[in-house]
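Commentary on secondary and tertiary structure
What follows is the residue order along each chain.
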Amino acid sequence: MTFYPETWYWLIPGVPERGSFNQHFVRDIGIIYQLIGIAFIYGALFKKNSVDLWLIPTLWLVGHAVFHIWEIFVGICNPEAFIEDFAGVTLPALVAIMLTYLTHKVGKNA
């Protein structure tokens, strides 16, 4: 997304149907995903701070997934968009919730 935004735009199913290509917007989202990845990697390496590092990125991922699901419920996108988006939108949010919750739970019990 960050380095080849137009290639990403045309290769990801469902993306072109959501609106015209906007290089700035695609790169902005790519940067957000990079920062989220860095936070999760850093938290995995330095477990003492993992929940603190993962909480805000998890909230962003969940908000992003909720927004995509809302678009389906209000008719902006068709129901097939959920399947198209699942691996890149909903699954990362679910994994982030699971990692953050389990790490918090283990930390409380340690």
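This section reports on the structure supplied with the text. (Residues numbered from 1 in each chain as written. Predicted model: local features only at pLDDT ≥ 70, side-chain atom pairs only at ≥ 80, totals over all residues. Heavy atoms only, no water.)

Attention shifts here to the overall build of the protein chain. Within the protein chain, the secondary structure is distributed over 4 helices and 0 strands. Element order for the protein chain, N to C, with α for helix and β for strand: α-α-α-α. The dimensions of the protein chain, computed from C-alpha atoms along their principal axes, are 50 × 30 × 15 Å. The long-range fraction of contacts in the protein chain, counting pairs at least 24 apart against all pairs at least 6 apart in sequence, stands at 55%. Carbon together with sulfur atoms contributes 71% to the accessible area of the protein chain, which is approximately 7,700 Å² in total. Across the protein chain, the centroid of the 6 positively charged side chains sits 21 Å from that of the 8 negatively charged ones. (Helix = DSSP H or I, 4+ residues; strand = E, 2+ residues; numbered from the N terminus. Contact = heavy atoms within 4.5 Å. Areas by Shrake-Rupley, 256 points an atom, 1.4 Å probe, with all protein chains shown as cover. Lys, Arg positive; Asp, Glu negative; His and termini not counted. Charge placed at Lys NZ, Arg CZ, Asp CG, Glu CD.)

Our next topic: the side chain of Thr58. Its location among the elements puts Thr58 in helix H3 (residues 50-73). A relative accessible area of 7% means that Thr58 is categorised as buried. Here the side chain of Thr58 touches Trp54 through a polar contact of 2.7 Å, landing on its backbone oxygen. When near neighbours in sequence (up to four residues on either side) are disregarded, Thr58 contacts Phe40, Ala96, Ile97 and Thr100. (Buried < 20%, exposed > 50% of the residue type's maximum accessible area, 1.4 Å probe, protein only. Polar contact = N/O pair within 3.5 Å; in protein donor to acceptor, adjacent residues only side chain to side chain.)

Packing of helix H2 (residues 23-45) against H3 brings their axes to within 9 Å, and their N-to-C directions diverge by 145°. Both H2 and H3 take part in a crossing whose hand is left-handed. Here Ile32, Tyr33, Ile36, Ala39, Phe40, Tyr42, Gly43 and Ala44 of H2 come into contact with H3, specifically with Ser50, Leu53, Trp54, Pro57, Thr58, Trp60, Leu61 and His64. Taken together, the residues that form the contact of H2 with H3 break down as 12 nonpolar, 4 polar and no charged. (Axes fitted to C-alpha atoms, helices over the stretch in contact; angles between N-to-C directions. Left-handed = near helix turned anticlockwise from the far one by under 90°. Nonpolar A, V, L, I, M, F, W, Y, C, P; charged D, E, K, R; others polar.)

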